[in-house]
Amino acid sequence: EDKLTILGSVPSLGFPFFVHMLNEIKAEAQAQGVNLTESDGQNSATKQTADIEAALVQKVNAIVISPLDVNALAPAIEEAVKAGVPVVTIDRRVDGVQGILAHVGADNVKGGEAEAQAVVAAFPNGAKLFHLQGQPGAGPAIDRNKGVHNVLDPLKDKYQIVYEQTANFARAEALTVTEAGLAANGKPDAIICANDDMALGALEACAARNFSDVKIYGFDALPEALVAVRDGKLAGTVEQFPGKQSRTAVQIAVAYAKDKTEPKEKLVLLTPIVIGKDNLDKAERLSETK
Amino acid sequence: MSIAEEQSQRGGVTIARLLMSFGPLLFLAALVIVFTVLKPSFIDPINLFNITRQISITGLIALGMTFVILTAGIDLSVGSLLAFCGMVAAVVAKGGTANTLSLSTSGTQGFGWFAALLAAVVVGALAGGVQGFAITRLKVPPFVVTLGGLTVFRGLTLTISNGGPISGFDASMRWFGTGLIGPVPVPAIIFAIAAILCHIVLRYTRYGRAVYAVGGNAEAARLSGLRVDRILVSVYVIVGFFAGLAAFVLSARLNSSEAVAGIGYELTVISAVVIGGTSLFGGIGSVGGTVVGAALIGVLQNGLQFNNVSSYTQSIVIGLILILAVAFDRWLKSRVRR
Amino acid sequence: MSIAEEQSQRGGVTIARLLMSFGPLLFLAALVIVFTVLKPSFIDPINLFNITRQISITGLIALGMTFVILTAGIDLSVGSLLAFCGMVAAVVAKGGTANTLSLSTSGTQGFGWFAALLAAVVVGALAGGVQGFAITRLKVPPFVVTLGGLTVFRGLTLTISNGGPISGFDASMRWFGTGLIGPVPVPAIIFAIAAILCHIVLRYTRYGRAVYAVGGNAEAARLSGLRVDRILVSVYVIVGFFAGLAAFVLSARLNSSEAVAGIGYELTVISAVVIGGTSLFGGIGSVGGTVVGAALIGVLQNGLQFNNVSSYTQSIVIGLILILAVAFDRWLKSRVRR
Amino acid sequence: MFKRSLNRIKEPPLSPSEAASPILLAVEGVTKHFAGVTALSDVSLDVRAGEILGLLGENGAGKSTLLKILSGVMPPSGGRITFDGADYQPASPQEAKRLGIVTIYQELSLIPTLTVAENIFIGRAPIGRLGLVSWRKMEQDSRAIIARVGLTIDPMTPVSALSVAEQQLVEIARALSLKSRLIIMDEPTSALTETEVQRLLSIMDRLRKDHVAIMFVTHRLEEASAICDRMTVLRDGRLAGHLKRQGGPVKLPAIIEKMVGRAASELYARPAQRAAAGDVVLSVRGLRTVRDPEAPHAIVLDGVDIDLKAGEILGVAGLVGSGRTELARAIFGADRIAAGTITLDGKQIAPASPADAIALGIGLVPEDRKHQAIFAALGILPNFSVASLGRFSNGFGFMAEGRERDALSGFRKMLSIRMASAEQAIEGLSGGNQQKVILARWLARDPKVLIVDEPTRGVDVGAKAEVHQILVQLAARGIAVMMISSELPEVLAVSDRIVTMRKGRITGEMPGVEANEERLMELMALDRQDAAAQDAEGQAR
Ligand SMILES: Nc1ncnc2c1ncn2[C@@H]1O[C@H](COP(=O)(O)OP(=O)(O)OP(=O)(O)O)[C@@H](O)[C@H]1O
Ligand SMILES: Nc1ncnc2c1ncn2[C@@H]1O[C@H](COP(=O)(O)OP(=O)(O)OP(=O)(O)O)[C@@H](O)[C@H]1O
Ligand SMILES: [Mg+2]
Ligand SMILES: [Mg+2]
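Just so it is clear, the structure is predicted and the values come from calculations on it, not from any experiment.

Secondary structure assignment for chain B yields 13 helices and four strands. When each of the 338 residues of chain B is scored for burial, the buried share is 63%. A separation of at least 24 residues holds for 79% of the contacts in chain B among residues at least 6 apart in sequence.

Right under this line is the structure:
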């Protein structure tokens, strides 16, 4: 067997977003005719680091990784680069390491900005907002939060975030947190959520109070959220094209591993967009919905 | 001892008992007052019913956990088991693992809410039973068995669902999570009924007595003719049953069963039981205490969110209050005793 | 009993002792053999050194946890405390909370690795001491105090760092995480030295024996004239110290201190200690066992990953093996005794 | 060796320096209140160097409470204590120990998970090279220390593997190995048999000569009478009086009168009316047990044959470790049986658990009250009814608390249990009253066969006589009673028939009226071969 082997590593298979990402990596690896070693970071930088180390011992030919944390994974990626294994990063870009083959991503900060801009566009005259943040300290939570505030902080007078809480990326928590927010602050104009799960939880809370006109925005464009967008229940969700990112990354990695083909671009940046009812067709996973 | 003396002592004991069981309750009352002063809308019925609905999920599991902890055991697997049972319920309700991905239920060919409920509680009870068996037969401590269970059930859940949620249940099922009877949320009613039943079982039945005895001194219980192993297995069956019931209610409430549901619930649930005065060494505790403990945690979380306290500060405050509540309870008990 | 009989029994006891302490070791050996057969490159020195480096972080904390569990206590706060100490170390090393976000250290004006190390272990030990105080003075059970600590320290960490990581340390600090002495990773050496010291302390000092005594029966220990409260506080100081040390090594290794570091470590660490044969009821256990327990978990994770087992299946297998390893140990002990 | 132990010290020589030595410890007007209970009220006493002061009183009289105050376990509510002329207010056992006050507690205070050697050297392990603990020295020294009290076990055995008696000896050995000026002994002999008791008494005598003061609590009044120079008697937490040795030992009736407040009839009076023994109810043949993995030290039964008749009390005598408890537990289904048959009412039974045995009508009052019988955190009511939950509940499994309470109050009168209320935690009762609650637990089941293992351990004379009376009444009702006891006078007083055991075998049997202490001791201490030889001899005759 002289088939090439690549490592595909994602931060946590507990989240559908990354499950999708790994599935796409798998599919592309198969299409390219290479073996895939899968790695689930299990939300722990040390676990993902250990996985990379194990893969290096096994002499994989390339690594495609969506790092859990760009700083904490840097040493491991550096190690891989030193060992001469080509590394392509997805989604989150590791700045400090020299010699990374390529990065394919759609910046979470940009995604957060897009999400906030959608709110601004929907409420040109200002709005009362709730903001549900992701797991405190987690990379995507930090970046998405930053994006949202980049846009809204300068517009503080018009767009007031009256209620800002974490719901840890979880649906059940988003539900209770939103319930409390609605009871304390009354109905908002819009709820900005750092992922779709939380958006769907917030949706349940609003539905229970019959607040059907609250505009709720999610993030990740999961099929379930797309359906809700289609049905007018969610106002929108941010699409970062994880599938395309993953496939592109695998293509670049395999091409290099096979015959040292340098990628055309070292930096492939996909611009995140907000999927609304009108541009549903742009969503990557629309086909998975019924 | 004279009759008068005896009488006075009885009186003393009763007041002591009352005060003791009031420890966490006093603390709870204080919290409610503080939050109401901070923001009077806190005691709006809507918010109070929100709280009851919110605590009903972990509260249900905490009822089962009370049995377990009374026997000096512990169950760390409840969060994962909740996710597992929820996933099973979803599969049964929807007739397959495929996520239809439409939030409507048209086109699904599931087996209805009753089958889903049954599946959840039976699977939960069975899973609990298996763990109970490992504890009694393999003589592996409950901490280890259920720590293993925590990982195993999570893995099974992820395997079933392939990481994603299964969503979209029919209205009859959703009623159990979102319905109201009068102004009262259905989950709160389920929790209340379950709590009353558990109270009766523990306080007034022979089985309840046996649970306390096993927790108080397992060897003495065996030598008194109690079938200790059976009782131990039974409490894990009970907590598993409640994890299943809670899973059903949660899925109905969220209209979705998620693979990541219930992460960290074990600690919330155990906190509720312990704040309620149940001893981790077994033999001491009550359902009433657990209900108060669950309410205390629920009020605390809701109240802090209500005041839009930053999540970082929330963590700090919740941790400190947890310790203080138990310290206050201990202090009260030690005062009353002397 | 005749002298001959006694002699033979003594011999029996010695062999029994040996075998007993070999229980987890046998299991570990079996795992290594299985993984090697599945994939011979598993026993590449590089991979084995990888494993030692991987287990050194949780291993260090597990050493401290051994002290705690020997006194029948528990510390659930270690994961959060690790994050907290790591953040403190980072602030000291970089002279501020600002994240340079470049992995270079130019432009930073920190206080160097030694100050960072000192800060981490001192803060860890102090935090442990405070928890120990709450346990002994407020009479709140360790489970509750450290559960509170788990939330409090996480909140403090997030507050310090405002949620983000602090990254980019100088080479002298990074050496502690990534350096090698000969072929051996520095973290592994730190772990080994710490383990040997802990072994000596527990086995060959009066303090160590007092720790066992307190865990065996705290009341009896008090009646025998031991200062039980001081000893209890001391073990939390020790585990805090080790959480600080582990935090320093982890930050050095990842070149970054993260607010989300160490989530769930408490369970891994406690697993390592318990697999190693230390009883959660106190008084029984050893450092050697803990090292084997930590190694067992490390080998299992690495080996499964090595064989490209899906992460869902990994969870299931790890959970089951955890239970089996302890069950095997119990079984062996019960066999050996007769 | 055995012959010497038979030469029991009936009357140790009087301390030469009586009254001459100065007062070492003086207690003045000490009071102690617990929630709702006054355990001690205005108690005064003193102890001199080189004397043995007996502290006597009924169960719950406050003896242990006083001793705990003296050893720094708990502070008094009022009063003054001086030690060596200086004010004495120990904040902890540690402090008391530093002053040379060493205590043997009533509830054993050994660390079960540690070895015998470590328990003896707790907190003061010998230090060798490099300042590290020297295990070798610890083992050697502890071997010598336990040898002093007649123990020959391996000092590296964990204490959890020892019998209660062995543990008690270890505890005594430890106390004796400490440098002490005052030794407080709270019922050190409650689990010991004659031999060990005699050895302890002679050690105490030696200590007295070395000018050590001893405070000695026991419910075995003969012991007290034999060894004590003076006695202080407590009744209901108050001082009932002092007794002094004058020319000869204090007479038992005098002690009893002070303790209970009225003239006492003879101790260990053989209860008069005895029912004639009926048919054999329980029959054991060739019973063998295997070594229990949890108790590596345990003697195993090596072919025991025993018959138990309805309406009789069978006394089982034996030295510590002779296997009496093993026999009881094997019959009761608490330990696994390797071979042999048990027949109940003519039908062979094989109880696999205590629950099975109980269902068949067998009851067992275990020897270790604290660990095997009491639910410390629970109230008296659940402690009482735990073995009869079926009887006190209705068909739906609900407890019938009314019936339960009635039954308890019946037994409370019958056994004169001193308690405040049914809800009171059993922990708050004195040892003797706890024992009575446990007896009531089994009486409530009305068993066919009741095995009582050391039924009066730690029970005061008055209550002891009551317990004996209860056992006789039970037998009169046709219950077959098997009584294991290390107190030969008790065995002799109560039994209709007595068997002796040694090393897991029955070594002799005789009717109670024909037995005396010497004969029993001989049979208890005989080796198997000797017994066989004697059997042969007996048959030849
Ligand atoms: N911790 C406690 N809490 C409440 N009451 C107690 C406590 N300890 C002892 N008592 C009460 O104090 C009284 C004296 O008890 P103490 O143990 O001193 O008796 P004693 O003379 O040693 O009896 P015994 O011979 O049975 O050992 C009893 O009535 C007992 O119920
Ligand atoms: N609970 C126990 N755990 C461990 N070993 C025990 C236990 N009980 C008894 N043994 C051991 O078994 C031996 C026989 O004890 P057993 O109790 O059967 O004898 P016994 O005649 O009742 O004597 P004793 O006076 O000690 O009760 C003892 O020497 C002791 O070492
Ligand atoms: Mg006493
Ligand atoms: Mg015995």
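After that view, the rundown keeps rolling.
Here we take up the environment of Arg247(A). Residues and elements named next belong to chain A. Positionally, arginine 247 belongs in helix H9 (residues 242–259). For arginine 247 and glutamate 79, which are 168 residues apart along the polypeptide, the C-alpha to C-alpha distance reads 24 Å. Those residues in contact with arginine 247 that sit more than four places away from it in its chain are Glu24, Ala27 and Glu28.

Residues and elements named next belong to chain A. Summed over the entire model, instances satisfying the criterion amount to 13 cavities of 30 Å³ or more. Estimates place the volume of the second largest cavity at around 210 Å³. Residue lining of the second largest cavity: 19 residues in total, with Phe15, Phe18, Arg92, Pro140 and Phe169 positioned closest to the centre. Of all the secondary structure elements, the ones that give two or more residues to the lining of the second largest cavity are helix H1 (16–32), helix H5 (139–152) and helix H7 (196–208). In terms of residue count, the dominant contributor to the lining of the second largest cavity is H1 (three residues). Among the residues making up the lining of the second largest cavity, the classes are represented as 10 nonpolar, four polar and five charged.

Bringing the interface of chain B and chain C into the picture now. If you look at the interface, chain B gives 36 residues, while chain C gives 36 residues. Taken together, both faces of the contact between chain B and chain C bury some 3100 Å²; the carbon and sulfur share is 84%. Of all residues in chain B, Phe143(B), Tyr312(B) and Ile323(B) bury the most surface against chain C, accounting for 19% of the area lost on that side. Between chain B and chain C we count zero salt bridges in total. For the pair chain B and chain C, the interface holds zero residue pairs in polar contact (both at pLDDT 80 or more). Elements that contribute at least two residues to the side of chain B that touches chain C include exactly helix H5 (142–161), helix H11 (265–275) and helix H13 (311–337) of chain B. Residue contributions to the side of chain B that touches chain C peak at 13 residues, all from H5(B).

The next thing to look at is the coordination of the magnesium ion (ligand 4). Residue and element names in this part refer to chain D. Donor atoms from the polypeptide that bind the magnesium ion (ligand 4) are Thr325 (OG1) and Glu367 (OE), placed at 1.8 to 2.5 Å. With threonine 325 in helix H10 (residues 324–331) and glutamate 367 in the loop between strand E16 (362–365) and helix H12 (369–372), the pair connects residues that are 42 residues apart, well separated along the chain. In this pair, the class of threonine 325 matches that of glutamate 367, namely buried.

A word on the sheet that holds strand E5 (residues 102–105) of chain A. All names here are of chain A. Judged by pairing direction, the sheet is parallel, and its six strands sit side by side in the order E2-E1-E3-E4-E5-E11 without closing on themselves. The open sheet is flanked by strand E2 (35–40) and strand E11 (267–269), the only strands paired with a single partner. The sheet shows a mean angle of 15° between the axes of neighbouring strands, direction not considered. Of the strand pairs in this sheet, strand E1 (residues 5–10) and strand E3 (residues 62–65) are connected by four bridges, and their pairing is parallel. Looking at E3, one finds that leucine 7 is bridged to isoleucine 63.

Take chain B, turn it by 180°, move it 0.1 Å along the axis, and it overlays chain C with an RMSD of 0.2 Å. Given the turn and translation reported, the copies of this chain are related as if by a two-fold rotation axis. When each C-alpha of chain B is compared by its distance to the rotation axis, Gly264(B) comes out closest, at 4.6 Å. Here 100% of the interface residues in chain B have copies in chain C that are interface residues too; the copies meet face to matching face.

Looking now at helix H14 (residues 401–414) of chain D. Residues and elements named next belong to chain D. For H14, built from 14 residues, the straight-helix expectation of 20 Å at 1.5 Å per residue is met to within 8% by its first-to-last C-alpha distance of 20 Å. Taken residue by residue, H14 has Glu401, Glu404, Ala407, Leu408 and Phe411 as its buried positions. Along the axis of H14, the buried positions cluster into a sector of 125°, meaning they face one direction only. Facing away from the buried side of H14, by more than 90 degrees, are the exposed residues Asp406 and Lys413. Positive phi shows up at serine 416, right after H14, with a value of about 40°.

All right, on to the nonpolar core then. Ranked by internal contacts, the top residues of the largest apolar core, which has 406 residues, are Ile63(A), Ile216(A), Leu60(B) and Leu60(C). Domain assignment of the residues forming this core places at least three in each of domain 1 (23–268) and domain 2 (279–539) of chain D. Here Ile216(A) is in contact with Ile191(A), Cys193(A), Ala199(A), Ala202(A), Leu203(A), Cys206(A), Leu234(A), Ala235(A) and Gly236(A), once residues within four sequence places are set aside. Ala125(D), Leu178(D), Val212(D) and Met231(D) belong to the second largest nonpolar core, which has 58 residues in total.

In this section: the packing of aromatic side chains. Residues and elements named next belong to chain C. Inspection of the entire model under this criterion finds 28 aromatic pairs over all chains. Measuring from centroid to centroid gives 5.8 Å for phenylalanine 27 and phenylalanine 328, while their planes differ by 55°, and the two rings are tilted. Pair noted here: phenylalanine 27 is in helix H1 (residues 3–38) and phenylalanine 328 is in helix H13 (residues 311–337), with a separation of 301 residues, a long-range link. Since its relative accessible area comes to 17%, phenylalanine 27 is described here as buried. Taking relative accessible area as the criterion, phenylalanine 328 reaches 25% and is therefore assigned partly exposed. Aromatic side chains phenylalanine 84 and phenylalanine 153 sit 5.9 Å apart centroid to centroid with 25° between the ring planes, which places their arrangement in the stacked category. Note that phenylalanine 84 is positioned in helix H3 (residues 78–94) and phenylalanine 153 in helix H5 (residues 142–161), a separation of 69 residues in sequence. Each member of the pair, phenylalanine 84 as well as phenylalanine 153, carries the same accessibility label: buried. Sitting over the face of the ring of tyrosine 204, arginine 203 holds its NZ or CZ atom 5.5 Å from the ring centroid.

Residues and elements named next belong to chain B. Applying the stated rule across the entire model yields zero disulfides over all chains. Of all cysteine sulfurs, the one in cysteine 85 lies closest to cysteine 198, which takes part in no disulfide; the gap is 16 Å. Owing to a relative accessible area of 4%, cysteine 198 belongs among the buried residues under this scheme.

Take the packing of helix H2 (residues 45–70) of chain C against helix H10 (residues 228–254) of chain C next. Residues and elements named next belong to chain C. Where H2 meets H10, the closest approach of the two axes is 7 Å, and the angle between their N-to-C directions is 170°. Here H2 lies roughly antiparallel to H10, going by the angle between them. Taking contact as the criterion, the partners of Arg53, Gln54, Ile57, Leu60, Ile61, Leu63, Gly64, Met65, Phe67 and Val68 in H2 are, on H10, Val235, Tyr236, Ile238, Val239, Phe242, Ala243, Leu245, Ala246, Val249, Leu250 and Arg253.

Turning next to the sheet that holds strand E3 (residues 52–57) of chain D. Residues and elements named next belong to chain D. Strand order in the open sheet made by the six strands is E6-E7-E8-E3-E9-E10, with mixed pairing throughout. What marks the edges here is a single partner per strand, and that holds for strand E6 (101–104) and strand E10 (238–244). Strand-to-strand, the axes of this sheet are offset by a mean angle of 15°, without reference to chain direction. Note: E3 against strand E8 (residues 213–217), four bridges, orientation parallel. Among the inter-strand pairings, leucine 53 is bridged to a residue of E8, identified as methionine 215. Each of E3, strand E7 (182–186) and E8 touches helix H7 (residues 194–209); the most contacted strand, E8, lies at about 150° to it.

To describe two helices that pack against each other, one gives the angle between their axes and the distance between the axes. Residues and elements named next belong to chain B. Running from N to C, helix H3 (residues 78–94) and H5 cross one another at 25°; their axes reach a closest spacing of 8 Å. In this view, H3 runs roughly parallel relative to H5, as classed from their interaxial angle. Where H3 crosses over H5, the handedness of that crossing is left-handed. Facing Gly79, Ser80, Leu81, Ala83, Phe84, Met87, Val88 and Val91 of H3, the residues of H5 in contact are Gly149, Leu150, Phe153, Arg154, Leu156, Thr157, Ile160 and Ser161. A per-class count over the contact of H3 with H5 returns 10 nonpolar, five polar and one charged.

All names here are of chain D. Neighbouring residues of ligand 1: 18 residues in total, closest Asn59, Ser64, Thr65, His219 and Gly428. Separating an oxygen atom of ligand 1 from a side-chain N or O atom of lysine 63 is a distance of 2.8 Å. Here an oxygen atom of ligand 1 sits 2.7 Å away from a polar atom, N or O, in the side chain of histidine 219. Sorting the residues of the shell around ligand 1 by element identifies helix H2 (63–70) and helix H15 (431–443) as the ones contributing at least two each. At three residues, the largest contribution of residues to the shell around ligand 1 is made by H2.

Cut-offs and rules
Residues numbered from 1 in each chain as written. Chains lettered and ligands numbered in written order. Predicted model: local features only at pLDDT ≥ 70, side-chain atom pairs only at ≥ 80, totals over all residues. Heavy atoms only, no water. Helix = DSSP H or I, 4+ residues; strand = E, 2+ residues; numbered from the N terminus. Buried < 20%, exposed > 50% of the residue type's maximum accessible area, 1.4 Å probe, protein only. Contact = heavy atoms within 4.5 Å. 1 Å grid on protein atoms, 1.4 Å probe; cavity = no way out; pocket = protein on both sides within 12 Å on 5 of 7 lines; lining within 4 Å. Points joined across faces, edges and corners; volume = space filled by probe spheres on them. Nonpolar A, V, L, I, M, F, W, Y, C, P; charged D, E, K, R; others polar. Buried area = accessible area lost by both parts, 1.4 Å probe. Salt bridge = Lys/Arg side-chain N within 4 Å of Asp/Glu carboxyl O. Polar contact = N/O pair within 3.5 Å; in protein donor to acceptor, adjacent residues only side chain to side chain. Donors = N, O, S within 2.8 Å, 3.2 Å for Na, K, Ca; no water. Pairing = 2+ DSSP bridges. Axes fitted to C-alpha atoms, helices over the stretch in contact; angles between N-to-C directions. Least-squares fit on C-alpha atoms with pLDDT ≥ 70 in both. Expected span 1.5 Å × (residues − 1). Arc of directions from axis to C-beta. Core = buried A, V, L, I, M, F, W, Y, C linked by side-chain atoms within 4.5 Å. Domains from an automatic or database assignment. Phe/Tyr/Trp six-rings, centres within 6.5 Å; stacked < 30°, edge-to-face > 60°. Lys NZ or Arg CZ within 6 Å of the ring centre and 35° of its normal. Disulfide = S-S within 2.5 Å. Parallel < 35°, antiparallel > 145°, perpendicular 65-115°, else oblique. Left-handed = near helix turned anticlockwise from the far one by under 90°. Near = heavy atom within 4 Å.

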